[in-house]
Amino acid sequence: MRSIIAIALATFKGGIRDRLLQGLVFAGFLLIASAGVFSSFSMRQPLEVAINYCLSATHILAIIMTLFLGLNLLSQEIESKENHFILTQPIPRSYYILGKFGGLFLIIFAMVIILGFFSALGVSSVCLGMKNYNIAWLNFCASLLGILFSCSILGAVIVLFTSVATSGIFPFLISFAVYTAGENTETVKNYITSGMAGEHISHLSRLLIDIIYYVLPNFSLFDFKVYAIYNLPLSGKLLSVSAGYGIAYTCLCLFFAIILFEKRDLP
Amino acid sequence: MNIKRIGLGLLLIIFTGSMTFYYPKIQRACKPPLHLHRLPPEFALSVFSFGNKELMACVIFYNTEFYFGEKAGSRKEIPEYKIIYDALNKATDLDPYNMDCYYFAQGALSWIKPAIPVLNRLLIKGLKHRTWDWYLPFFIGANYYFQLKDPLHAAQYMKQAAKLNYKSPILATLTARMFYQGNQTQTGILYLKSLIAETSSPVFKKQFKKRLHALEAILFLEQGVKRYKTRFGKTPKNIREMLTTGMIDNIPADPYGGRFYIDNDGKILTTSKLAEAWKKKDIKRNDGHSDINAKESLQKGNPEKTGGITQRNRP
């Protein structure tokens, strides 16, 4: 356990050394400054637009950061053989994978907290001139939690593909493809089941879509933005099921990543 | 070497600065045609939003709003209403809670009679989601009353709006008037006043105020006709007759540039048909097909085809 924590902390420090925090603070200031401008064009709902903008920007930034950081931290290390120093120590390879993911998760967590804080400031700045407003801060936090789960699953997917890949570009492309597909499987499935797609979609395609729907992570499950934007009641059941699914899927990816990494021949 | 570099740098700064100063003038003078492009299907938009459908809806709305502002506000051209509706419909498919889209759709399309059925469908979609919002039943009610001439449906929606916003006396009055099918001009004035009080858009506010002035002028003349009928037992032949008999003290101007007249039934009409956007002199020919269609329709004397507002479907 100590080894895992040590690797996680080293990974976290490595990520921080990349001037990540400075970049995030800069992005945060941009968020605050631009939230007011962006929402000012709204005719009836500037506050809703500000929440929408801040949460969406946080989501987009967090996903992009996870993709690039995950690859930088793992893929490059494997490619440049920097990890040999750790792997030659008497610690199991599974600890290395878990430690690396732990570090990546810590970075993602810090990132979501920082961006979430700046988002909240951005939204509050829009409220300054308003008399009557009501922000669903709990839903806002639930939305940030959803972003954290999305990034956590994406991080685990990156670890999974990095553990088998020999080059850096493969895990990037495949992880991005998984993210894109995972974000849209719900939409595609709904489109097909609603009958809007017509009869020209073959049974084989429908079966394939069904398989993809159940195999790939469903990122739309973690999208609670609409609840935060319009102050809609958010079911605790949905939140707990999403959290359970997020944790289970992350663990499953790490499990396969460990198996594959243990079987891998490292030069 | 250093002096050469500084000189080159200064030259580049001066050149770029002068171009930056100069290009807006050329751009304004050339005025490339402004179009709102048709969007891909909602399914594709949803895929490309990468899980940020609400943001995508917001961006589509802003794009439509800016297009409308420039087209109708600055260029005085006729916007492509069908594409505006299409964009707003797709944006509300992505985010059915987006009030900006419904509000804008009502402001831009409610004056066009053929657009009312689709506009009402859009607003009903919003009503299904925004169950707490009194604006949506208020707009639907107004469309049913003024455009579709269906006071019963209108009153039902107004009642729903009044229930949601029970503090508003205007809504209660409007509901009562619609139930009893009272004076349409006065109802229209009341409706426009409530819109002016609530809107924050300068473009819409200007449009509403102009229409309000026109309706107030019509009401003034209608009252003159009523007085004339009471006194002489017949309808005046023309407006000037009311002036000479002292029923009115002046002939108000039509803010849309037309001329008021009395039809055979004693109703006050105007040659402008309260449809400013379709006036011949204001139509600037550009590459937009809508503008050309509008111009052709105008020449055929069919304001409804152009989306124009006739006296019969005011306000």
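(A) Here's a closer look at the overall build of chain A. Summing up its helical and strand segments, chain A has ten helices and zero strands in all. When the elements of chain A are put in sequence order from the N terminus, they spell out α-α-α-α-α-α-α-α-α-α. Its C-alpha atoms give chain A a radius of gyration of 20 Å, within 12% of the compact-globule value 18 Å for 267 residues. Projected onto the principal axes, the alpha-carbon positions of chain A cover approximately 65 × 50 × 30 Å. Relative to its 267 residues, chain A shows a buried fraction of 49%. Across chain A, the fraction of contacts at a sequence separation of at least 24, relative to all contacts at a separation of at least 6, is 82%.

(B) Spotlight on the packing of aromatic side chains. Within this structure, the stated rule accounts for 35 aromatic pairs over all chains. Considering the side-chain rings of Phe68(B) and Phe104(B), the 5.3 Å spacing of their centres and the 85° angle between planes classify their relative orientation as edge-to-face. Of this pair, Phe68(B) sits in helix α3 (residues 53-74) while Phe104(B) sits in helix α5 (residues 99-109), and the two are 36 residues apart along the sequence. Summarising the burial analysis for this pair, Phe68(B) and Phe104(B) share the class buried. Each member of the aromatic cluster is reached from another via a ring pair, and the members are Phe38(A), Phe41(A), Tyr53(A), Phe61(B), Tyr62(B), Phe66(B), Phe68(B) and Phe104(B). When the ring centre of Tyr103(B) is taken as origin, the NZ or CZ atom of Arg44(A), which lies over that ring, is 5.0 Å away.

(C) Quick look at the side chain of Ser152(A). Turning to its location among the elements, Ser152(A) is positioned in helix α6 (residues 137-164). Contacts of Ser152(A), omitting those with residues within four sequence positions, involve Phe101(A), Phe105(A), Ile108(A) and Thr250(A).

(D) Up close: the interface of chain A and chain B. With 27 residues of chain A at the interface, the matching set in chain B holds 29 residues. Area buried by chain A at its contact with chain B is led by Met43(A), Arg44(A) and Tyr230(A), which between them contribute 32% of it. On inspection of chain A and its partner chain B, the count reaches zero salt bridges. Counting across the chain A and chain B interface gives 15 residue pairs in polar contact (both at pLDDT 80 or more). Within the residue set of the side of chain A that touches chain B, elements represented by two or more residues are α2 (20-39), α3 (46-79), α7 (169-193) and α9 (225-229) of chain A. Take the side of chain A that touches chain B: its biggest share by element is eight residues, from α7(A). Residue classes in the side of chain A that touches chain B are distributed as 14 nonpolar, nine polar and four charged.

Procedures and definitions
Residues numbered from 1 in each chain as written. Chains lettered and ligands numbered in written order. Predicted model: local features only at pLDDT ≥ 70, side-chain atom pairs only at ≥ 80, totals over all residues. Heavy atoms only, no water. Helix = DSSP H or I, 4+ residues; strand = E, 2+ residues; numbered from the N terminus. Rg over C-alpha atoms; globule rule 2.2 N^0.38 Å. Buried < 20%, exposed > 50% of the residue type's maximum accessible area, 1.4 Å probe, protein only. Contact = heavy atoms within 4.5 Å. Phe/Tyr/Trp six-rings, centres within 6.5 Å; stacked < 30°, edge-to-face > 60°. Lys NZ or Arg CZ within 6 Å of the ring centre and 35° of its normal. Buried area = accessible area lost by both parts, 1.4 Å probe. Salt bridge = Lys/Arg side-chain N within 4 Å of Asp/Glu carboxyl O. Polar contact = N/O pair within 3.5 Å; in protein donor to acceptor, adjacent residues only side chain to side chain. Nonpolar A, V, L, I, M, F, W, Y, C, P; charged D, E, K, R; others polar.

Take it as geometry only, folks, not as evidence of what the structure does.
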